[in-house]
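Topology and contacts: notes
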Amino acid sequence: MSDINRYAVFGGIYNNYLALTAVLDDAERRGAQETYCLGDLGGFGPHPDRVFSILQERGVMVMQGNYDHSIGNDLEDCGCGYSDPRDNHYAALSYAYTRAKTSARWRPYLRGLPSVLRRRWDQQRVLMAHGSPRKVNEFLWESSSSDRFLSRLLDEHEADILLVTHSGIPWQRQVERNRLVVNVGAIGRPANDGRTEVWYALVTVTGGRARAELIPVAYDHLRLASEMRAEGIPEEFAITIETGWWTTCLEILPAKERARGRY
Amino acid sequence: MTVRLPIVVPFSPSIDEAQAPEVPFSALDTVWFQLTGTLCNIACQHCFISCGPKENRVPMMTEATVRSYLSEAAELGVRDYYFTGGEPLLHPQFWTLAESVLAVGPLTVLSNGILIDGANAERARTLFDAARYSFDLRISLDGMSAEENDPVRGRGTFEAITRGIAELARVGLSPTITVVEHRTGMGSEQSRSQFLQFVVELGLSRPRVKFMPLLRIGREAERTHGYDSALAWYSPGPVEEALAERLLCSSSRLVTEHGVMICPILLDAPGAQLAKTLRQSMTPIALRWDACRTCVVDGLSCRT
């Protein structure tokens, strides 16, 4: 039997190497024995190349998000899954920046990342996916995912614990038969809650039961905003980093999550 | 003087089944309720299913039918729900049914907003706050002035609709505004940003505007023209995966008092009724109707 029972899980780094270091330090302090990244290393923030060495040096197990697939394969589009023209406009700006600034040498690494991760944690069948187990860019929001739908995903994909990211706002829910679904949020930008911290999940499995704690982490967000401006990244993105409110890519939000935001 | 009577012409499949593109069925994620059938409090000139105040050819759903489909949908693991019509707020059990749906999943209501007075706005707010899931209202408005809106939606509707939107804004709700591009240029980038500014001025704190292309069936076929059936927009065989994902018929069904239909657009289409139960309706769909072109080619999606 494994002695490991505490896992740090995060996603959506979006080039935010400062938050990445802060999250890894926080997870270490809290005794996480393994660390997982659910993908989307690039986008939004500055200096894409800086995250790779941190992930490798700190032994993070990384899977592929839509961004990683697109950058890795040098595709024209981030594959983010937005449907509104305004959302797509801003997504295209941030993708063009990351695509231009990611060294070609990292493309094989991004291309080769696994698209799904499966583990056994104390007999619990764990499934890690980027958006959802069935689609890399599916948004699983708290207010638009019915219990029955989540149960169906767990049934169809043979999992007791499902961990996802992509939508950028963390939440968790226990569904029937003590199964657990956690959206770990994103560490690349705040969660549209007016706080400048970013969120990740610490999952503890004991006695066949999983428990997740969603943890906010502060980092030098003012430095990040300043570097974003120096790199010519749209001002709207820097404002989000400084205020904790999303200013772009809002059209995709369901009514409840939208009502909690400022815009 | 001649009196023009409303004419409803059911539109037959114009594409031979063997030639039609096929949309595989992926999973039942969304169920639409044709809550009030074709009953509406207005009769828009571009209505693709020719709804109106005396239009009862598709009857209102009974509470029992709604509950029966809701229960089946929940068993099948449906993700989200929509109420459409006609005007869903005309249903006498609208609020209790909305509450029942919101107990099992998120709900979007497609309304023209005219029945949203102060009291209904308060009820909507109460429901929004009480529900675990999202309760989204979608209000149709087809212009930034009475001159632009009223010729298609009816005299006085601009004022009535914007009053309803203002009531929702007053209670802190921010509905999605949907605009049908009934005139050339309405969907342009400039027009979209003007519309967004316009709804901000109506008081919406988190404005969201969805533009939708015209469907040239129902009353719209009389207002302007129907589809040119000779236009070859399709090819036989399964459609590409990305297109299938975007099309409603790969993952949604419409339930009516009479049974399960493919989608809200094909309400009047002979051959578009699938079965009496959702379970029996989870089948691939052949795109045999001209109106399917608007989803495939023009990118229409009824989703919010």
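Calculation notes
- Residues numbered from 1 in each chain as written.
- Chains lettered and ligands numbered in written order.
- Predicted model: local features only at pLDDT ≥ 70, side-chain atom pairs only at ≥ 80, totals over all residues.
- Heavy atoms only, no water.
- Helix = DSSP H or I, 4+ residues; strand = E, 2+ residues; numbered from the N terminus.
- Rg over C-alpha atoms; globule rule 2.2 N^0.38 Å.
- Buried < 20%, exposed > 50% of the residue type's maximum accessible area, 1.4 Å probe, protein only.
- Contact = heavy atoms within 4.5 Å.
- Areas by Shrake-Rupley, 256 points an atom, 1.4 Å probe, with all protein chains shown as cover.
- Lys, Arg positive; Asp, Glu negative; His and termini not counted.
- Charge placed at Lys NZ, Arg CZ, Asp CG, Glu CD.
- Buried area = accessible area lost by both parts, 1.4 Å probe.
- Salt bridge = Lys/Arg side-chain N within 4 Å of Asp/Glu carboxyl O.
- Polar contact = N/O pair within 3.5 Å; in protein donor to acceptor, adjacent residues only side chain to side chain.
- Disulfide = S-S within 2.5 Å.
- Axes fitted to C-alpha atoms, helices over the stretch in contact; angles between N-to-C directions.
- Parallel < 35°, antiparallel > 145°, perpendicular 65-115°, else oblique.
- Nonpolar A, V, L, I, M, F, W, Y, C, P; charged D, E, K, R; others polar.
- Pairing = 2+ DSSP bridges.
- Phe/Tyr/Trp six-rings, centres within 6.5 Å; stacked < 30°, edge-to-face > 60°.
- 1 Å grid on protein atoms, 1.4 Å probe; cavity = no way out; pocket = protein on both sides within 12 Å on 5 of 7 lines; lining within 4 Å.
- Points joined across faces, edges and corners; volume = space filled by probe spheres on them.
- Right-handed = clockwise from strand over helix to strand, strands pointing away.

Let us now look at the overall build of chain B. Within chain B, the secondary structure is distributed over nine helices and 12 strands. Computed over its C-alpha atoms, the radius of gyration of chain B comes to 19 Å, within 12% of the 19 Å expected for a compact globule of 304 residues. On the principal axes, the C-alpha backbone points of chain B span a range of 55 × 50 × 40 Å. Within chain B, the fraction of its 304 residues that count as buried is 58%. Taking the contacts inside chain B whose residues are at least 6 apart along the sequence as the reference set, 75% of them involve residues at least 24 apart. When the accessible surface of chain B is totalled, it reaches about 12700 Å², and 53% of it is carbon and sulfur. Averaging the coordinates of the 28 positive side-chain charges in chain B and doing the same for the 34 negative ones gives two points 2 Å apart.

Moving on: the interface of chain B and chain A. At the junction of the two partners, chain B supplies 28 residues and chain A supplies 27 residues. Taking both sides of the interface into account, the surface hidden between chain B and chain A amounts to around 2100 Å²; carbon and sulfur atoms contribute 44%. Summed over the three residues of chain B that lose the most area to chain A, namely Arg 79, Arg 206 and Arg 208 of chain B, the buried surface amounts to 28% of that side. Remark: the boundary between chain B and chain A carries six salt bridges. When the shortest N-O distance is used, the salt bridge between Asp 147 of chain A and Arg 132 of chain B registers 2.8 Å. Seen at the junction of chain B and chain A, the total is 20 residue pairs in polar contact (both at pLDDT 80 or more).

Another point: the state of the cysteines. Across all of its chains, the model carries one disulfide over all chains by this definition. The side chain of Cys 78 of chain A participates in a disulfide bridge whose partner is Cys 80 of chain A; the two sulfur atoms lie 2.3 Å from each other. Between Cys 78 of chain A and Cys 80 of chain A the sulfur-sulfur dihedral comes to about -140°; the bridge is accordingly left-handed. Per residue, the accessibility class of Cys 78 of chain A equals that of Cys 80 of chain A, and both read buried. Counting only cysteine sulfurs, Cys 51 of chain B is the nearest neighbor of Cys 47 of chain B, a cysteine outside any disulfide, at a range of 4.1 Å.

All names here are of chain B. The contact between helix α4 (residues 146-153) and helix α5 (residues 157-170) brings their axes to 8 Å, and the two run at 105°. Between α4 and α5, the angle is such that the two are roughly perpendicular. Residue-level inspection shows Ala 146, Asn 149, Asp 150 and Arg 153 of α4 in contact with α5, the latter providing Thr 157, Phe 158 and Ile 161. A per-class count over the contact of α4 with α5 returns three nonpolar, two polar and two charged.

Attention now goes to the sheet that holds strand β7 (residues 171-175) of chain A. Residues and elements named next belong to chain A. Taken together, the five strands give an open sheet; going across it, the order is β4-β5-β6-β8-β7, and neighbouring strands pair in mixed fashion. The two strands at the open ends of the sheet, each matched to only one other strand, are β4 (117-121) and β7. Sheet twist, expressed as the mean angle between neighbouring strand axes with direction ignored, is 15°. In terms of strand pairing, β4 meets strand β5 (residues 124-128) through five bridges, oriented antiparallel. By the bridge assignment, Leu 117 is partnered in β5 with Met 128. Contacting β6 (161-164), β7 and β8 (179-183), helix α6 (residues 147-156) crosses the sheet at an angle of about 80° to β7.

This next bit is on the packing of aromatic side chains. Taken as a whole and assessed by the stated rule, the structure comprises 20 aromatic pairs over all chains. Where Trp 106 of chain A meets Tyr 109 of chain A, the ring centres are 5.9 Å apart and the plane angle is 75°; that geometry is what we call edge-to-face. Of the residues examined, Tyr 109 of chain A reaches a relative accessible area of 22% and is grouped as partly exposed. Geometrically, the ring pair formed by Phe 33 of chain B and Phe 83 of chain B is edge-to-face, given 5.6 Å between the ring centres and 90° between the ring planes. Here the residue Phe 33 of chain B occupies a position in strand β2 (residues 30-34), and Phe 83 of chain B occupies one in strand β3 (residues 80-84), the gap between them amounting to 50 residues. Each member of the pair, Phe 33 of chain B together with Phe 83 of chain B, is buried. Site record: aromatic cluster; members linked through ring pairs are Phe 33, Tyr 81, Phe 83, Phe 94 and Trp 95 of chain B.

Our next topic: the pairing of β6 of chain A. All names here are of chain A. The side-chain alternation of β6 yields two buried faces, one formed by Ile 161 and Leu 163 and the other by Leu 162 and Val 164. Bridge count for β5 against β6 is three bridges, and the pairing is parallel. What sits directly across from Leu 127, in β6, is Leu 162. In the sheet, β6 pairs with β8 via four bridges, with the strands oriented parallel. Bridge pairing links Ile 161 to Leu 180 in β8.

All right, on to empty space enclosed by the protein then. Taken as a whole, this structure holds six cavities of 30 Å³ or more when the rule is applied. Volume-wise, the largest cavity comes out at about 610 Å³. Lining the largest cavity are 34 residues, and of these Cys 47, Phe 48, Leu 110, Ser 140 and Arg 153 of chain B sit closest to its centre. Only β2, β4 (107-111), β5 (135-140) and β6 (176-180) of chain B provide two or more residues apiece to the lining of the largest cavity. Broken down by element, the lining of the largest cavity gets its largest block of residues, three residues, from β6 of chain B. The residue makeup of the lining of the largest cavity, split by class, is 20 nonpolar, nine polar and five charged. Quantified by volume, the second largest cavity comes out at close to 250 Å³. It is helix α4 (residues 85-101) of chain A that provides the largest number of residues to the lining of the second largest cavity, a total of three residues. Grouping the constituent residues of the lining of the second largest cavity by class yields 13 nonpolar, six polar and two charged.

Along the chain, Lys 256 of chain A falls in helix α9 (residues 255-260). Buried Lys 256 of chain A, no salt bridge; nearest opposite-charge side chain is Asp 129 of chain B, N-O distance 5.6 Å. In contact with Lys 256 of chain A, not counting residues within four places along its chain, are Ser 143 of chain A together with Phe 128, Asp 129, Ala 131, Arg 132, Tyr 133 and Ser 134 of chain B.

All right, on to the pairing of strand β2 (residues 34-37) of chain A then. Residues and elements named next belong to chain A. Pairing analysis gives four bridges linking strand β1 (residues 6-10) to β2, with the strands arranged parallel. Residue pairing across strands places Val 9 opposite Tyr 36, the latter belonging to β2. Bridge analysis of β2 against strand β3 (residues 61-62) gives two bridges, and the strand direction is parallel. Bridging from a neighbouring strand, Tyr 36 pairs with Met 61 of β3. In this region the chain leaves β2, passes through helix α2 (residues 50-57) and returns to the parallel neighbour β3; the handedness of that crossover is right-handed.

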